[in-house]
Amino acid sequence: MTPPPVEESLVRFENVSRFYGEVLGVNRVTLAIPPGITSLVGPNGSGKTTLMNLMTGLIRPTRGSVRILGVTPEDPEKLFALVGYSTQFDAFPKGLSGFQFIYSFLRLFGWPREKCERLSWRAIGRVRLNDAAHRKIAGYSKGMRQRIKLAQAIAHDPRVLVLDEPLNGLDPLVRAETIALFRELAAEGRHVIVSSHVLHEVDLISDQVILLSNGYVVAEGKIQGLRSEICDHPMQILIRCNRPAALAARVFELDSIVEARLHADGGGLLVKTRDAGRFYRLLNHIALDGIDIESVAPADDNVNSVYEYLIGGEEPGK
Amino acid sequence: MIAKYWAQMRAVVRLEMKKTFLSRRGLWVYLLAFAPVLMFAGHDLSMMRTREERRAIAAAHPVPAGALLSIQPGMTREEVIARLGEPNVDSRQIRFGGGRIRREFLSYTDGQSRYVFGFADGELQSISVREEETFAQDRLIFATVFQFFFLRLAIFFGCVGIFTNLFRGELIDKSLHYYLLAPIRREVLLAGKYAAGLIAAVAIFTASAALQLWLLSLPYESSLSGHEISAYLGVAALACLGYGSVFLAAGLFFRNPLLPAAGVLIWESANLFLPSALKKISVIYYLQSLCPVVASPHREINPVLALLISSTEPASTILAVAGLFAVTAVVLVFASRRARRLEINYGAD
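Everything numeric in this text was worked out from a predicted model, so none of it was measured.

Rules used in this analysis
- Residues numbered from 1 in each chain as written.
- Chains lettered and ligands numbered in written order.
- Predicted model: local features only at pLDDT ≥ 70, side-chain atom pairs only at ≥ 80, totals over all residues.
- Heavy atoms only, no water.
- Contact = heavy atoms within 4.5 Å.
- Buried area = accessible area lost by both parts, 1.4 Å probe.
- Polar contact = N/O pair within 3.5 Å; in protein donor to acceptor, adjacent residues only side chain to side chain.
- Helix = DSSP H or I, 4+ residues; strand = E, 2+ residues; numbered from the N terminus.
- Nonpolar A, V, L, I, M, F, W, Y, C, P; charged D, E, K, R; others polar.
- pLDDT = per-residue confidence, 0-100.
- Pairing = 2+ DSSP bridges.
- Axes fitted to C-alpha atoms, helices over the stretch in contact; angles between N-to-C directions.
- Salt bridge = Lys/Arg side-chain N within 4 Å of Asp/Glu carboxyl O.
- Buried < 20%, exposed > 50% of the residue type's maximum accessible area, 1.4 Å probe, protein only.

## So, the interface of chain B and chain A
- In this assembly, 31 residues from chain B lie in contact with 31 residues from chain A.
- Taken together, the two surfaces of chain B and chain A that pack against each other cover about 2,700 Å², and 59% of this comes from carbon and sulfur.
- Taken as a group, Tyr178, Leu181 and Pro183 of chain B account for 27% of the area that chain B buries against chain A, more than any other trio of residues on that side.
- Linking chain B to chain A there are eleven residue pairs in polar contact (both at pLDDT 80 or more).
- Taken together, the elements giving at least two residues each to the side of chain B that touches chain A come down to helix 1 (2–22), helix 6 (177–180) and helix 13 (317–341) of chain B.
- Ranked by residue count, the leading element in the side of chain B that touches chain A is helix 1 of chain B, at nine residues.
- For the side of chain B that touches chain A, the per-class residue count stands at 16 nonpolar, four polar and eleven charged.

Here's what the structure looks like:
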């Protein structure tokens, strides 16, 4: 098979701006995203979801143009044969089981029943939800809902996968499995575009990073250039578990832990670490040692400080 | 390509069907649709019970033939009882008026009608005959209920509930994006959703109309002609078609579709009083033109308002059906243009 021309293997933004009335979504964004794992990183309101919605035609640019592998988002028939999007919205059509959800939306492609069934089971298998496939989504945990959304996004085998905060709400083991799946998909030559408001999180998985702040792209490039600087900046993580005090005793096995304190409600532990990667690996062991970990979520609301740190406090070019 | 669009439309219909038929939000649609069924069922039960009672009484205590018709005002109580015997319906009532007048009412039945003779101080003053209801009367009552409740309110608001939710309901639930992220033309999506709504609305409202028609004929030996039955069912289906398109579009154009629904309701209700040319710019004008029995609201209306009613020749069947299809097509074209420009911004919605 002949590889697509370079132009058609990129996700391109040409001087794209989007305003919501008088509120800025993104401004003058020009990007060319190659295959591999690309992370859009920025604090809440920085424009990550706006960029993703622009890529998938859920919103239109006020100015400029977007092309996904040469296809405009105005042409959904071609676009969504290429693109799968797992949004941040934690909502599902009512009354459907996991399998019905994926199968029903695959039928919208106009494919026969057998093909849709086969693709549905394959996608469900990839996110390891086979056992829960026939249960109603309304009864799923947050992590299961994230995974079924991911399965729906990958079910039709898209070349471009757009994932908005896909690791939110996943426990450490599933998080590791999901990251492995992203790597697998990227290794197959696909675009995997992931958003996160936590730089440390995507550091582990990205080939390239696009940093956003207040609707502007403030930095983009290979992750290696940013990694050492990121590592110096401590990150705060909230772990919800049944025995936070016992967990606190365990986390100090790592010298990269800066601080650990019990959450005010007594049901969790706030940890500040300089090496999130090592900390997540340690959590995997702890989870196997009998502490019941309910959820792990970055609690660093001060992502802006990371930006100031990275870009020297410089105001994005307005 | 057409085969693919059909397959996609069927997939949309399948997804929507459960929602349109079984949504908890839509329970009131069933209540609205089947309220006339309950009313006609109640009417039938009451009528059949009364009829059976009268026949049983007449069989047990027969009144001499023609005697009931020979009773005239001015006769005394004794003369009446001499001709008819003691009252055979257990409803003798005695009252005393303000002037200490002794009033008495004697009731008889010949098995069909009920005769109530009113006496004042022993002299017959009034004769009231309550005849058994006829099929012709009930047919007119059905026509009135159908045109002034079923079409104007039940189907109207039922379509508001079913069709506005097709898009607006999913925007509220934040689940519309799943459709917009599929490789399906927005026009096909709209057509699929409209078809699903139409199937549900037609099934619910024609089932209700069919039950009402069955109940209408149940106490009688006669029934409506096949032409009349199919006309009523067809009008119910066409009402769903026309109002459905209007409210599907309302769900796309307006954040709160109840406002345009109220506007359309006012316009459709004011139809009686509109000049002839304006009457024709409404769904109800064409629907009423297709109804087999003309139900006049004039008797129920204040005489002053009745003066304002303008009469217009009903549209011919072909024109009425074509007009409804044309209105539906135009509205759906506008709606599909809107759907094509639709963006997902749940925060703002």
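## Here's the deal with the confidence of the model for chain B
- Averaged over all residues, the pLDDT of chain B equals 86, while 91% of them reach at least 70.
- Between the elements of chain B, mean pLDDT differs from a low of 62, seen in helix 12 (residues 303–308) of chain B, to a high of 95, seen in helix 7 (residues 186–217) of chain B.

## Focus: the sheet that holds strand 4 (residues 63–68) of chain A
All names here are of chain A.
- If you trace the three strands from one edge of the open sheet to the other, you get 2-1-4, paired in antiparallel fashion. Looking at which strands have only one partner, the edges of the open sheet turn out to be strand 2 (23–33) and strand 4. Mean inter-strand twist for the sheet, computed between neighbouring axes without regard to direction, equals 20°.
- Of the strand pairs in this sheet, strand 1 (residues 11–20) and strand 4 are connected by five bridges, and their pairing is antiparallel. By the bridge assignment for strand 4, valine 11 is matched with isoleucine 68.

## Re the pattern of salt bridges
Residue and element names in this part refer to chain B.
- Going through the model one piece at a time under the given rule, you end up with 29 salt bridges over all chains.
- One salt bridge connects glutamate 16 with lysine 193, and the closest N-O pair in it is separated by 2.9 Å. Highlighted residues: glutamate 16 in helix 1 and lysine 193 in helix 7, separated in sequence by 177 residues. Lysine 193 shares its class with glutamate 16; the two are buried.

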